[in-house]
Each structure stands twice: as structure tokens, then as C-alpha cells.
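# A structural walkthrough
Residues per chain, in single letters:
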Amino acid sequence: MRPAPPAPLPAPPEDPSAEPVKVREDGVVREVSVPPLARPVRRGSLAGIPFDNAREAPDAIVLSRKRTATGRNAEPAAARGRRGGGRTGSGAAWQDVTAATFAGEVLAVAKGLIAEGLRPGDRLAIMSRTTYEWTLLDFAAWAAGLITVPIYPTSSAFQARWILQDSGAVACVVEDGIQARVIGQERDRLPGLTRLWTVEKGAVDTLCAAGREVPDDEVTARRAALGPDSVATISYTSGTTGRPKGCVLTHGNFFAEVDNAIELLHPVFKAPGQAPYAPPAPADAWAQHNSAASYDPSTPYDPSAPHGSATPSDTSGTLSTLLFLPLSHVFGRMVAVACLRARVRLGHAPSIRTEDLLADLAGFRPTFLLAIPYVLEKVYNTGRARAERMGRGASFDRAARIAEAYGAAVEAAGHGEGPGPSLGLRALRALYEPLVYRRIRGALGGRVKYVICGGSPLGRRLAAFYSGAGVMTFEGYGLTETTAASTVTPPLRPRLGTVGRPMPGTSVRIADDGEVLLRGGQVFAGYWDAERGEAVRVLEPGPGSGPGSAEGWFATGDLGALDEGGYLTITGRKKDVIITSSGKNIVPAPLEDWLRAHPLVSQCLVVGDNRPYAAALITLEPEGLAHWRLMRGKQGAPLAALVHDKELRGALQRAIDEANRLVSRAESIRRFRVLDVDFTEEAGHLTPTLKLRRAAIAEGFAAEIAELYT
């Protein structure tokens, strides 16, 4: 049986408003819904995407793979002789992969998985950094009717064993020998794990060879058996408060997420000339400045320019992104699927070491990036430090203020609240364009116009700076349980400092206790029940009005608020709320996020539960500290002494004073302790996604916390 023709990228409804529907209670916005921009997929699965692309646009460049002089990440045998052109970069060449080539590789690997005895519904675990092979194996597993299970590449043997045991994985692919040893030492406790392949030892070629005698029709039949309700992956949470939980995500969950994201974020995923469906912005001048066809980050704002009259600053190449966030996290995985779905050129950067990543960005030259705030903070702080070393720190600070003012003016224009940047502001921005802003964009590869940012709040100041520097940031919010984003900044109507409006097809509600509730097609099927071998629903009926109000809501555990425009602000986690001995509730996230943006701060933990006031543990950022030492001639001072240095503590106290302006006196940080060690994943202080394990830190630094209250 041949599969039904896979559903094409759904056309948007003929006349959706895409405007939020708001429900007010007692004069306050409590619920916001946005209608979908893409029709639901009723047939087919993610497994069909590579084959759709090959049939409809066989010569389209859909990926580029990194090939170094040492041969690392060399292409599999299935691809040799069918490759496209190459692009060179610092220390590596990027080999283009056409849609036809990728589909051929997916087919060959899928046949190999079938030949190795994997049956429909079996779980295949993937433990690897962000590589081309990760995406290849993901789609090949789906084509073979399997369910993929991501494992973070930095996971310990115990963490990996838990995921393999709980998911019931029968096979696992790892990237290198180190990861193979991690899994290997647990094999006697994993009787169900019958296969272990290593990419560095030729796993892809081995699978391709094994499947040569398997007929193509076997893969076709397995694809035909899949539909939107079929399970695509079991993706485990980071486990901040306990063991990770397996989130069961269906093919339909991914379609609901990526199809609406492609339509909404049309400047990111659609080239000029591909008409997006989007309502007109309330301020035409702002739309002209930021349209996909006319947006040039180095061109000063011109409200008189006709819409679409300008040309992009760099028309070479296609829309593209270099993915460096882990594919084991649903955020990166969702964007990888969206890129294949929209035929946006996708590259993978396995190393996040600063020098490696900068070289990859320079060679790949993406048009948009997926990032967490830490990356954007680091680029900003590195630029500031470089300027200070050159004696131009004051000039950089002035350029930053101008960019922030420019970004704020653009935001106001987008909401019809102002005319946009003034003539004088545009002139000042043009002055600093070659001196500062172009260098900032250069650190991101030189062609980046857009950044999709998530994981934690970016902050209004930094969002405004990047907007003014020529990089639009789409800030979003979501969880593993929601297949990544549930809210995102609309392209033509940013509201800096928020995480945007609900994604099309999504509803957001604020519960009586302030908890954020979500509903939509991307909300998961439930948590994996290992004993039953299926998902267990956790959605409960809740209040609501509008389409689908009888459906349940997913309680996120996050606290937030909706404004009059339907924009969501996340204020913290319910479980993280600190209650002082006087009964005052303190949400630590805003204070911690603000302080982590400081160039001297690596991590910050606010404490104070059952204590008379809030205090903080602070760890130091190595690069920021090295720069601070250099500028003050303290390179030889040992770290143990520096944590008590009056000048250093003074700089940190000023940062705390700024953070305290966000909260009331009763919620402010009164005392702090600088640690001479950092919080790390290896020590159990951080999750693989760099979230704080509060209980573990409090236990490990109990003595230091006690001293803050003596």
C-alpha cells in the first residue's frame, strides 16, 4: 500500500483575522486566543517531508553539512556522487545537500533500520551533539515507523539509563566513543537495548549497507501507516525538581507548531516574493522598515520610502540558519523540522565553544538564528569589552543607548503609538552603523536579520538594542509539553520585554493563582507511562470561552500576566516562589535574569525561604572576569581573594541595586555572596538546558547561605 499523498504545507484560511480574541474578567484580560493561520494536517506525517521536497523541488538546497579537513562529519556512502555545490568557511567547507539527496539518504538509512529488525513503534534513542546525522536519523526513524527518543549529549550514565529504561528504547545511536562508553557501562541494566551504533565509527554507512536488500516499498508501507495522531517522539524534560518526564509528542503536534510558525514568522521562513498571510500593521511606516522584501539592517529608517522599494543588503544565497542549540531539546528540534518543511537551508554546529561557533557562523553566514538569551548577552558583552580595551567603551555605551532608543521608537510605531525614530535619531544610528552595529551583526555571521529567542527572558533593554542594531528578535515562550513555542512576538507588532502573543491556533489563560494555562494543537498527548507503554493525559477541564472551550488546559507551572494587547509576560515558576519568614512572596526569576545579563555574572540564585529577607549567591563569568582583571591590572590575583575584592563587590552591588529597582523593598536582595566556583551541570547544579537545580545548590552551599543571615 502506498501512503496517501502527504499533505502540502497548508494554505491559510481565506479570511482569518489573526487578531487575538480576549476575555476579560473583572476588567482584567484573563484569556487570549489567536486563530490558526494554517489548516490542521489531517493525513500524513513528518516522515513525508523529505519525500515531498524531493518530488516538488528536487534540486532545492535544504541542508548544508560541515566537512572539515580531517574528514569529520564526512557524508555517508548513500550521498556520495549526488551532492550539490560547496561553500567554504573558516576551517571547514559547507557541502550543500539537495532535497533529492536528503530524501535518498533518509530512505537508505530507514531501510537499514528495518533490516536491523526494528519494528513500527519501536523506540530509537539518539545521543549526539547538534549534527547533520541527528536530523538524518530523526527523519529516517520516522520513515521506518519508529519513535525517536532524544538524550542530551552531556547526560551522565545514570541519566541516560533512566531515559533508555523508561522509554523502552530497543536501539540507540551515539555520536562518539565517549558516549558509547557512557551507554556501554549500563548495558547490563538495559536488557531491552539490543542495538548500539556509533556515528564516528560509520553507523550511517553501516545502516545504509544493511538495508540494500530491503525494498523501497517496505518504507513506503511504514510511512503509509502513520498519521497526525501517531507518536513522533518521546522528549524528556530537563528535570529541575526530579527525574525527567517523557513528553509524548505526535506528528500532528509538530505540524500544528511548525506550520503556524512558518506562516506567522514569514520574514524568517519565506523569501521575498513568497507572499505571507499577515494582517497589515497599524503603522505603515514601521511595516515598510521591517518587511521581508525591504528590510536592510544598515539602512536608516525612512518612513517616506514606498513599501518594498529597497533591496536586501545581501541577496546572495537563500534563507538559512545555523543550528547550534541541542537537538535533544524540543526548541532546536522544532526549528529543524520547520526548516525542512519550508525548505530553508539548515546547517548544524556541534561545538558551542566561542571560537568554534564564531568560525562556523562566519563560514555559514545564516540569515536567522535560534538562540537563548545567554548567546545574545555574550555577543553584547564581548563587543563592549573589546571596545573598552580599545579605549572606546564610552563610545560603545553611547551607541548602545542610541540603538535602544531606536528600537523603542520602532516598537512604538508598530503599535501606532508614535511616528518612528526621529530624523536626529536616524542620523545618530547611521553614524554608529559601521563602528558598532555592523560589528555586532558580524559576530553573528554578517547576514543575520532575525533571531528567534527562547529558554528564558531576553529583557527589554537587550531586545531594544538588537532591534536598533538591525537584528529583529522574536521572543517566545513554551515548554517541551507544547512542542516548543506557545507564544511568540508577532513580526510587525513587537512588545519588547514580553514573550509575545499566543501562537496562531493557541489559547493562553491566567488561572486565579497566576499560573499560565495553555491550549492548542501543539500541546502534547501526555506523559509517557512506561508500564502501560502509552501516553497518559494530564489536561483537565477549565474555564474558557470560544472555539474548543470544552477541551482541557495544560497547567504550565509558570506564573504570568496578560496585558491589554494580549501579550504575555512570564514572571517566574510557581515552585520557585520564596516565602520569607514575614510571609512575603518573592518571585526570584526577574532578579536572577537581570543579574545574569551582567558581564561579570555567570549564575545567580536568590534565596530567602523562611528567612527574614532575600539574599543571593553569585558566580563569576570567566571571560567577563578576565576582562575586568585586565582593565584593572589584577591579572595575578587568585580567585579566592577576588571574591572579597572591594572594587569587584562594588560593581556587583551596583548591579544588584539596578535589579532591586524591579521589585519592592520587601522583595529586594539585601545581601549577597560571591562564590569562587561556578554552578555546573557536572556538579548537579544545572540541568542540561542550564536551568538551576535549586534544591541541589541550596544543599551544596548551605554554609554559604547560612552566613548571609548571620
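Provided above is the structure to which this section pertains.
Just so it is clear, the model here is predicted, and its values are computed rather than measured. Residue positions within a chain follow its written sequence, with the count starting from 1. Only residues with pLDDT of at least 70 get local features here, since the model is predicted, and only at 80 or more are side-chain atom pairs given and counted; chain-wide, interface and lining totals rely on the full set of residues. Side-chain numbers here rest on the full set of heavy atoms in the structure, without hydrogens or water.

Numbering of helices and strands starts at the N terminus; helices are DSSP runs of H or I of at least 4 residues and strands are runs of E of at least 2. What the protein chain contains, in helices and strands, is 22 helices and 30 strands. Only protein chains enter the calculation, and the probe is 1.4 Å; a residue is then buried if its accessible area is under 20% of its type maximum, exposed if over 50%, and partly exposed in between. In the protein chain, which comprises 710 residues, the proportion classed as buried is 57%. The contact criterion used is simple: two residues touch if any of their non-hydrogen atoms lie within 4.5 Å. Across the protein chain, every contact between residues at least 6 apart in sequence was considered, and the portion connecting residues at least 24 apart equals 70%. Of the roughly 28100 Å² that the protein chain leaves accessible, carbon and sulfur atoms contribute 53%. Working definition of accessibility: Shrake-Rupley area with a 1.4 Å probe, residue cover restricted to the visible protein chains.

Time to look at the pairing of strand β14 (residues 368-371). Residues in a regular strand point their side chains to alternate faces of the sheet. The two faces of β14 match: F368 and L370 on one face and L369 and A371 on the other face are all buried. When DSSP finds two or more bridges between two strands, those strands count as paired. Note that β14 and strand β15 (residues 450-453) share four bridges and pair parallel. Looking across to β15, one finds that A371 is bridged to C453.

Here we take up the environment of E175. Considering the arrangement of structural elements, one finds E175 in the loop between β8 (171-174) and α5 (177-184). Taking the C-alpha atoms as reference points, E175 and W197, 22 residues apart in sequence, are found 8.4 Å from one another.

Let us look at the sheet that holds strand β30 (residues 669-674). Taken in spatial order, the three strands make up an open sheet running β28-β29-β30, and their pairing is mixed. Among the strands making up the open sheet, the edge pair consists of β28 (601-607) and β30. With direction set aside, neighbouring strand axes in the sheet form an average angle of 25 degrees. An axis is simply a line fitted to the C-alpha atoms; with a helix, the fit covers only the stretch in contact. Between two such axes, the angle follows the N-to-C directions and lies from 0 to 180 degrees. Contacts from helix α17 (residues 589-596) reach β28 and β30 within the one sheet, and its direction differs from that of β28 by about 160 degrees. Packed onto the sheet, helix α20 (residues 646-660) meets β28, β29 (614-620) and β30 and runs at close to 145 degrees relative to β30.

Let's shift gears to the pattern of salt bridges. Put simply, a salt bridge is a Lys or Arg side-chain nitrogen that is within 4 Å of an Asp or Glu carboxyl oxygen. Counted under the stated rule, the structure contains 46 salt bridges. Residues R119 and D122 are paired through a salt bridge, measuring 4.0 Å at the closest nitrogen-oxygen approach. The exposure class of R119 is exposed, given its relative accessible area of 56%. E621 is the partner of K378 in a salt bridge, and the nearest nitrogen-oxygen pair spans 3.5 Å. Separated by 243 residues along the polypeptide, K378 in helix α13 (residues 373-389) and E621 in the loop between β29 and α18 (622-632) bring together distant segments of the chain. Several salt bridges converge on common partners, so that one network encompasses E25, R30, E31, R509, D512 and R519.

Moving on: helix α12 (residues 354-364). Buried residues of α12: L357, D360, L361, G363 and F364, and no others. Seen end-on, α12 carries its buried residues on one side only, within an arc spanning 170 degrees. Just beyond α12, the residue with positive phi is R365, at close to 55 degrees. This arc corresponds to the set of directions leading from the helix axis out to the C-beta atoms.

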